[in-house]
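Observations on chain architecture
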Amino acid sequence: MVSEPPDIGNRGQSSPLGVILILAIVVSGTALTVALGAEAFGSTQDQLSIERAEKSMTQLDSQAAMVALGNSQVQEVSLAVSSGDSYRVAENTGWMDVTYTNLTGGGSTTIMNESMGAIVYDNDDREIAYQGGGVWRSDGESNAVMVSPPEFHYREATLTLPLVTVSGDESIDGRAVISRNTSQAYFPNESANGNFTNPLERSEVEVTVQSDYYRAWGTFFEQRTTGNVSYDHPNSRVTVDLVTPLQASDVNSAAASLAASGTFEVNGAAKSVCRADTYTDSYNSSGTSDDYCSQTPDNKGDVIYGNDIDISGGAGGDNFYGSLVSGGTVKVGNGGGKPDVGGDINYTTACQPSIADCQSRITTASGTVNQIDGIQKRGALDYLIRSTVEEADDSNGNGGTSSISGDALDYGAASPSDEVTIGPGNYYLDRIDASGKEIYFDTTSGNVTLSVKEYIHLADSDIEVLGDGVVFIYVDGAGPHTEDLSLDKDSAITNAGDDANQFRIFGPANFTGRIGSGGGGGSDPAKYVGVIYAPPGNGGTGDVNLDFGEVYGGLVTGTTTINKGSIHYDEALREKQTLTRGDDVVRVTYLHISTNRVNVTG
């Protein structure tokens, strides 16, 4: 048998084919590597270009602000330019509208409506823009972020808005010249509109921005204001409504200012019918019918003030059964004959005369002296008080009771006991000025809301709450009367069980009150059972003076002075918000709005 020879021709072809395949793989891999490298290089170059452009725009922002706000007439700035990049002025892109609405039915008024314009850097589908005094970055798909903030400043109830608008050359090369154009003051501006004056009252302010970068504007509003922010996505708009819901209104201490202003001072001895050595202490009306005198007092009568607390003028042997917390200095005096403290002493600035003196005043082993960063603050209620009283005056529901006639209490000509009873409802009075009278609020079948334009004064008179409901009283303090609330000795505002939640007085930042009118002997101290809630806000000058008087409940006011008296904190107040209405408090009362135009050329 003869075997066939091997196929030498086929075997000879496999070697060059393998070489060709290897070369093809190498060439393809090299091409792919080059392509990927080129793409990565291009991506890196684009990212570097964008970062350089951001820095250029941030510098432009700073120098444009100098020109717009009057610190310079002309500024120049170098702009980073790479191949294929460009800067342009888009004069008519975006606008801002500022409007205020009168909340008592006066309609809306436009303060300003201006086209903002922008300086835009383009890199493919990505943009960096200077607009409205801020710098924004966008990916071209409505996703935008803020690089630097606009000229929009909102703090302490004041909106300062010097809007910067842009016009100029459509195309800009590597250097931009920024020159001042014109400025226009919109608010305050009485010559334009007699109502364009500060402070702005009974109004809410809305700022609307239409922009390619509206989402970033919205994020800025959400982070830098306490307003309500809403989006109109189809129209690329965002609106911030500078009205915010009421903050927490719980009363967590015997007396507080909860503001930068407001002091607490003692200039005399304590006065208490059940515990003679007490300036402050606590009890709890919740879940019991026992009044303060029927309970064993507790040590939660804290005093919290944004400014100084000075107890050095008090009497030795009298005590604060609670802590002292000051946003300023605590002064306790030295040596004997000074009040003691049953809790901690917390100060922000100093504790005088010395830390050792402060520690010596503390009577409990666990009590300490501590330095803190300040106290939490709450805003004033001026708008809420005024709008509530004015609305009650306009609607006047007094026809539902015979106890009110002509915006005054009507005791009846033939009333032998000089009594008047007011049941559930909403009422308005010019004032309450009672001498030797009895006033009953019957809440058995519902709450009572009473708006008082001027003041409440009781002389040898009582106000008593009947039933389990709540009496809400809004006191505006209008008119020349020096005290918005005054109780002479032998007068009382009270209820069964000393339930402070049942009687609540609300007042503006300058609310003034006096509990007691000095004296002693056979007289009873004035008694107030309830809450006085009138935080002074940023600069209120309100004050409450205890002069032969006692408070059962809690105070949130401006300055508080004890000449002779005591405050018994009702711990039941911790469980409830003092303000329960759905009203909003306008947080913006001062406006400074203008347009500042700049021209940008290459």
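Predicted model, so just to flag it, every value in this text is computed and none were measured.

1. Remarks on the packing of aromatic side chains
- The tally for this structure, following the rule as stated, stands at 18 aromatic pairs.
- Ring geometry for Tyr292 and Tyr552: centres 5.5 Å apart, planes at 70°, overall edge-to-face. Residue Tyr292 is found in the loop between β19 (278-283) and β20 (303-305), and its partner Tyr552 is found in strand β44 (residues 543-556); the two are separated by 260 residues along the sequence.
- Taking the centre distance of 5.9 Å and the plane angle of 75° together, the rings of Phe503 and Tyr528 count as edge-to-face. On the criterion of sequence distance, the pair formed by Phe503 in strand β41 (residues 503-506) and Tyr528 in strand β43 (residues 526-533) is long-range, its members being 25 residues apart.

2. Focus on the state of the cysteines
- Taken as a whole and assessed by the stated rule, the structure comprises two disulfides.
- Note on cysteine connectivity: Cys274 is disulfide-linked to Cys293, with sulfurs 1.6 Å apart. On the S-S bond that ties Cys274 to Cys293, the torsion sits near 75°, and the link is right-handed. A residue pair is termed long-range when its members are at least 10 positions apart, and Cys274 in the loop between β18 (264-266) and β19 and Cys293 in the loop between β19 and β20 qualify at 19 residues.
- Relative accessible area serves as the criterion here: at 42%, Cys293 is assigned to the partly exposed category.
- Disulfide pairing is shown between Cys351 and Cys358; the S-S distance is 2.0 Å. Judged by the sign of its S-S torsion, about -110°, the bond between Cys351 and Cys358 is left-handed.
- We classify Cys351 as buried; its relative accessible area is 6%.
- Residue class for Cys358 comes out buried when judged on its relative accessible area of 0%.

3. Looking at the side chain of Asp488
- Following the sequence through the fold, Asp488 ends up in the loop between β39 (485-487) and β40 (492-495).
- In this structure the side chain of Asp488 is engaged in a polar contact, spanning 3.1 Å, whose partner is the side chain of Arg514.

4. As for the sheet that holds strand β8 (residues 144-148)
- In space, the six strands of this open sheet follow the order β8-β7-β6-β5-β2-β11, with antiparallel pairing throughout. Looking at strand neighbours, the two that pair on one side only are β8 and β11 (171-172), the edges of this open sheet.
- Bridge analysis of strand β6 (residues 126-131) against strand β7 (residues 134-138) gives five bridges, and the strand direction is antiparallel. When the bridges of β7 are listed, Tyr130 appears paired with Val135.
- Its contacts with the sheet put helix α2 (residues 214-224) on β6, β7 and β8, and the angle it makes with β8 is roughly 60°.

5. Focus on the nonpolar core
- With 82 residues, the main nonpolar core has Phe503 and Tyr528 as its most contacted residues.
- Among residues more than four places away in sequence, those in contact with Tyr528 are Leu485, Leu487, Ile493, Phe503, Ile505, Ile515, Glu550, Val551 and Tyr552.

6. Re unusual backbone geometry
- A cis amide bond links Phe187 to the next residue, Pro188, at an omega of 0°.
- Relative to the elements of secondary structure, Pro188 occurs in the loop between β12 (175-187) and β13 (203-210).
- That bond from Gln352 to Pro353 is cis: its omega, 5°, falls within 30 degrees of zero.
- Mapped onto the fold, Pro353 is located in the loop between β27 (350-352) and α3 (355-361).
- If you check the backbone angles, Asp407 has positive phi at about 65° while not being a glycine.
- Along the polypeptide, Asp407 turns up in the loop between β29 (404-405) and β30 (408-409).

7. A short note on the pairing of β12
- Two strands pair when backbone bridges link them, and strand β1 (residues 74-78) and β12 are joined in this way by five bridges, in the antiparallel orientation. Each residue of the ladder has a partner; that of Glu76, found in β12, is Val177.
- Two strands pair when backbone bridges link them, and β12 and strand β47 (residues 590-601) are joined in this way by eight bridges, in the antiparallel orientation. Of the residues in β47, the one forming a bridge with Ala185 is Ser594.

So, how was this worked out
Residues numbered from 1 in each chain as written. Predicted model: local features only at pLDDT ≥ 70, side-chain atom pairs only at ≥ 80, totals over all residues. Heavy atoms only, no water. Phe/Tyr/Trp six-rings, centres within 6.5 Å; stacked < 30°, edge-to-face > 60°. Helix = DSSP H or I, 4+ residues; strand = E, 2+ residues; numbered from the N terminus. Disulfide = S-S within 2.5 Å. Buried < 20%, exposed > 50% of the residue type's maximum accessible area, 1.4 Å probe, protein only. Polar contact = N/O pair within 3.5 Å; in protein donor to acceptor, adjacent residues only side chain to side chain. Pairing = 2+ DSSP bridges. Contact = heavy atoms within 4.5 Å. Axes fitted to C-alpha atoms, helices over the stretch in contact; angles between N-to-C directions. Core = buried A, V, L, I, M, F, W, Y, C linked by side-chain atoms within 4.5 Å.

Function-wise, these values are silent; they only describe arrangement.
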